[in-house]
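Now for the letters of each chain:
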Amino acid sequence: MIDVLEPMVQHPYFGAFVMFALTLIAFWATFWLQRFVSRKLANKRGDKLKTAPYECGPIPIKQPNRISHQFYIIAVLFVLFDVEVIFMIPWALEYRNLGLLGFFEMFAFIGLLVIGFLFAWKRGALSWQDK
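Bear in mind the structure is a predicted one, so any value in this text is a computation, not a measurement.

Enquirer: It is not clear to me how the side chain of Glu84 should be interpreted in this structure. Could you clarify?
Expert: Turning to its location among the elements, Glu84 is positioned in helix H4 (residues 69-86). Although Glu84 is buried, it forms no salt bridge, and the closest oppositely charged side chain is Arg123 at an N-O distance of 17 Å. Those residues in contact with Glu84 that lie beyond four places of it in its chain are Phe109 and Leu113.

Enquirer: Even after reading the chapter, I still don't get the packing of H4 against helix H6 (residues 95-122), so can you show me in this structure?
Expert: Angle between the axes and distance between the axes are the two parameters that describe a pair of packed helices. For the pair H4 and H6, the least separation of the axes is 11 Å and the interaxial angle reads 170°. As summarised for this structure, H4 and H6 are arranged roughly antiparallel, according to the angle between their axes. Every residue of H6 that contacts H4 at Leu77, Phe81 and Glu84 is listed here: Phe109, Leu113, Gly116, Phe117 and Ala120. Within the contact of H4 with H6, the residues separate by chemical class into six nonpolar, one polar and one charged.

Enquirer: Is there a simple way to explain the packing of aromatic side chains in this structure?
Expert: The way to describe two aromatic rings as a pair is by their centre distance and the angle between their planes. Across all of its chains, the model carries 10 aromatic pairs by this definition. Judged by centre distance (6.3 Å) and plane angle (20°), the rings of Phe27 and Phe31 are stacked. Remark: Phe31 and Phe27 occur in helix H2 (residues 14-41); sequence separation between them is four residues, near one turn of the helix. On the basis of relative accessibility, which here comes to 47%, the residue Phe27 falls in the partly exposed class. Note on Phe103 and Phe104: the rings are 5.5 Å apart at their centroids and 70° apart in plane angle, and the pair reads as edge-to-face.

Scoring rules and cut-offs
- Residues numbered from 1 in each chain as written.
- Predicted model: local features only at pLDDT ≥ 70, side-chain atom pairs only at ≥ 80, totals over all residues.
- Heavy atoms only, no water.
- Helix = DSSP H or I, 4+ residues; strand = E, 2+ residues; numbered from the N terminus.
- Buried < 20%, exposed > 50% of the residue type's maximum accessible area, 1.4 Å probe, protein only.
- Lys, Arg positive; Asp, Glu negative; His and termini not counted.
- Salt bridge = Lys/Arg side-chain N within 4 Å of Asp/Glu carboxyl O.
- Contact = heavy atoms within 4.5 Å.
- Axes fitted to C-alpha atoms, helices over the stretch in contact; angles between N-to-C directions.
- Parallel < 35°, antiparallel > 145°, perpendicular 65-115°, else oblique.
- Nonpolar A, V, L, I, M, F, W, Y, C, P; charged D, E, K, R; others polar.
- Phe/Tyr/Trp six-rings, centres within 6.5 Å; stacked < 30°, edge-to-face > 60°.

Shown next as structure tokens:
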């Protein structure tokens, strides 16, 4: 049985795998231990002092925990355009090898980005005011 495990132990990345496994075990053990301890030691009383403003400021009021759909649309558009701009980095690195065809392909790509941006702008997706 030891002969079967020997090629695996001789692998150059075996030590990295063992360290990865031990790190995962230590992470989960620490996570569950701190969770258990914090729940045992937590103060579960609700005090008025916890909700009181510190020295000055508005009195905290409970609000419904809702996020506006407008914020969601702005966030999705940001991620979309951000990822599309990231696609330009490899193109810029290989610009000389791509030649004139690569230039026109990127020009068309940027044109589509601008059309999408103008469409979102005209539809009011980038404005914060409620309609």
